[in-house]
Amino acid sequence: MPWQARIQTMLGKTFWIGLLLCMSYLLAFMQRTGPGVVSTTLQHTFHVSGAVLGTMTSVQYLLYMILQIPVGLSGDKLGPEKLLAAGVCLDGIGTLCFADSHQFAMLLVGRAIVGLGDALIWVNIVLIIGGYFLPSQFGALLGIVSTAGNVGALLTTIPFAAWTTVAGWREPFALLGILLVITAVFDFAVIRKKRPSLDRVSVLSDHPVQFKIKPVPIRSILSTVIHDRNAWATFFCHFSAVGTYIGFVGLWAVPYFEHTYAVNRSLATTFTLTAFVGALIGGPLAGTLTDRIGSRRGTYIVLQVFICLSWLSVPLFAGQPPVLIAYMLMFVLGLGSGGSLLTFAVIRDQTPAERAGVTSGFANTGGFLSAVLLPVLFGALYDAHLRQGIHTAYAVAFLVPTGFTLLGVIGSLFIRERRQAFQNEVGV
């Protein structure tokens, strides 16, 4: 293709859609991981225990979790474009409320609004990518958007920590909220038309394949999802790879490294920086490799085993692994979180079009169920064993993510790849 045509293609509408999806997810990830950088400050400011502070993260992810299946259904029925813009806008409003909170209850309200907004973002991004881009681009583009999110997470490490140290925690979150609202306006203005007129495209070819999807009752869809082996397998894979990672990084990671290695906030964020680098690599690597190879299951099994062993290493070293191993631990956890986009690749390949959204929502529910449970359980075990020493308290607390990721290993073993069955089911 001549370079002029390439530039024209890049500057087409799909380019701007891809750019906006990346920007939306980058900012959403910043507000998701940002509170973890200032969690010790928040604990002192609002005079709350570790378990109580955990409810700040849990209320956000609880709403996210509850809304995943309804959002999946709404995305399929109403179209994901406006829902994405609404989600980004709610993220911005919730972040502004968070920045202006002077009581812990208002802090919870801000994070609850963020949870409502977050629930509308990822599943609708997946549906928009599936509607506007070709199947051969799906995995790679999903990886690019995932990478954008992890770039946002990178920005909440050393730069964000340094900024909050100088300016306090309110000003950075206020600016982040304003940027989210502005991005939501652009999302609504640009991604406002319905998806292309091809009803769907073949999962095996880049050529449009016209076929009609018959409307299916919601009750029938939900019943089918609940009895779908792959739906449950991806549910537990996401429960393991995503929820443990964001539940830990979003609240407990920085305090853990501050306390365990006696470092300041900026140095503690170098550990989370390593995790985010892993996530940057994991997303596009998993997406591109599995698109080329055509098999998701084997990659996911290996990934889940490594995630589980990484969490287990902390209790094995009595709560204080050597620094090098701690960095390796965080890198692998990030790699696993980035690679969790395999969940949606499995669903897209193996799930009929009329229930792709709700199945994605169901799997994403698993990820955020563990994100709801982990901060509170981690904090409760930490508080309960603190009298035995800080290292012992953390060693016991890390048994929570270890147990959660063991379920992910089991889930990955039950993934079924059935490409021919999927072709027959959708009528390709």
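Residues numbered from 1 in each chain as written. Predicted model: local features only at pLDDT ≥ 70, side-chain atom pairs only at ≥ 80, totals over all residues. Heavy atoms only, no water.

Just checking my understanding: could you explain the overall build of the chain for this structure?
Across its full length, the chain holds 20 helices and 0 strands. For the chain, with 428 residues in total, the buried portion stands at 56%. At a minimum sequence separation of 6, the contacts of the chain that also span at least 24 residues come to 84%. Of the roughly 16,900 Å² of accessible surface on the chain, 70% is carried by carbon and sulfur atoms. (Helix = DSSP H or I, 4+ residues; strand = E, 2+ residues; numbered from the N terminus. Buried < 20%, exposed > 50% of the residue type's maximum accessible area, 1.4 Å probe, protein only. Contact = heavy atoms within 4.5 Å. Areas by Shrake-Rupley, 256 points an atom, 1.4 Å probe, with all protein chains shown as cover.)

When you look at the packing of helix H12 (residues 229–261) against helix H16 (residues 342–350) in this model, what are you seeing that I'm missing?
How two helices sit against one another is set out by the angle between their axes and by the gap between those axes. Running from N to C, H12 and H16 point in directions that differ by 170°, and their axes come no closer than 10 Å. The angle between the axes of H12 and H16 places the two elements in the roughly antiparallel class. Residues Asn230, Thr234, Cys237 and His238 of H12 lie in contact with H16, whose contacting residues are Thr343, Phe344, Val346, Ile347 and Gln350. Partitioned by chemical class, the residues of the contact of H12 with H16 number 4 nonpolar, 5 polar and no charged. (Axes fitted to C-alpha atoms, helices over the stretch in contact; angles between N-to-C directions. Parallel < 35°, antiparallel > 145°, perpendicular 65-115°, else oblique. Nonpolar A, V, L, I, M, F, W, Y, C, P; charged D, E, K, R; others polar.)

Mind showing me how you'd approach the environment of Thr274 here?
Summarising the element assignment, Thr274 is placed in helix H13 (residues 265–293). A relative accessible area of 18% places Thr274 in the buried class. Taking C-alpha positions, Thr274 is 9.1 Å from Leu329, a pair spaced 55 residues apart along the chain. Residues in contact with Thr274, not counting those within four places in the same chain, are Tyr327, Met330 and Phe331.

Explain the packing of aromatic side chains to me, please; I cannot follow it from the model alone.
In this description, a pair of aromatic rings is defined by centroid distance and the angle of the planes. Counting across every chain of the model gives 36 aromatic pairs. Ring geometry for Phe257 and Tyr261: centres 6.1 Å apart, planes at 15°, overall stacked. Pair noted here: Phe257 and Tyr261 are both in helix H12, with a separation of 4 residues, about one helical turn. The buried category is assigned to Phe257, whose relative accessible area is 0%. Classification of Tyr261 by relative accessible area gives buried; the value is 16%. A network of ring pairs unites the aromatic residues Phe248, Trp252, Tyr256, Phe257, Tyr261, Phe271, Trp311, Tyr327, Phe378, Tyr382, Tyr394 and Phe398 as a single cluster. Just above the ring of Phe98 sits the side chain of Arg111; from NZ or CZ to the centre is 4.9 Å. (Phe/Tyr/Trp six-rings, centres within 6.5 Å; stacked < 30°, edge-to-face > 60°. Lys NZ or Arg CZ within 6 Å of the ring centre and 35° of its normal.)

What should I look at first to understand empty space enclosed by the protein in this one?
Empty space among the atoms can be located by rolling a probe the size of a water molecule over them. Taken as a whole and assessed by the stated rule, the structure comprises 4 cavities of 30 Å³ or more. Considered as a void within the structure, the second largest cavity measures approximately 200 Å³ in volume. Looking at the second largest cavity, it is lined by 17 residues, and the ones nearest its centre are Tyr25, Phe29, Val242, Ser337 and Ser340. When residues of the lining of the second largest cavity are traced back to their parent elements, those giving at least two are helix H2 (13–37), helix H8 (135–155), H12, helix H15 (323–339) and helix H17 (356–384). Among the residues forming the lining of the second largest cavity, the class breakdown is 9 nonpolar, 7 polar and 1 charged. (1 Å grid on protein atoms, 1.4 Å probe; cavity = no way out; pocket = protein on both sides within 12 Å on 5 of 7 lines; lining within 4 Å. Points joined across faces, edges and corners; volume = space filled by probe spheres on them.)

Help me out: how do you make sense of the nonpolar core in this one?
Side chains of nonpolar character tend, in soluble globular proteins, to be buried together. The biggest cluster of nonpolar side chains holds 104 residues, and the ones touching the most others in it are Leu21, Trp122, Ile125, Ile129, Phe248, Phe257 and Met330. Sort the elements by how many residues they give to this core and H12 lands first, with 16 residues. Leave out the neighbours within four places in its chain, and Met330 touches Phe248, Val249, Phe257, Phe271, Thr272, Thr274 and Ala275. (Core = buried A, V, L, I, M, F, W, Y, C linked by side-chain atoms within 4.5 Å.)

Help me understand the confidence of the model for the chain in this model?
When pLDDT drops low, the exact placement of atoms in the prediction is not to be read closely. Of the residues in the chain, 81% have a pLDDT of 70 or more, and the chain-wide mean is 80. Taken element by element, the chain is modelled with least confidence in helix H20 (residues 419–426), mean pLDDT 40, and with most confidence in helix H19 (residues 399–413), mean pLDDT 94. Of the regions scoring below 50 in pLDDT, residues 1–11 engages in 5 contacts with residues more than four places distant in sequence or in other chains. With pLDDT under 50 throughout, residues 194–216 is counted as low confidence; its partners more than four residues away or in other chains account for 47 contacts. (pLDDT = per-residue confidence, 0-100.)

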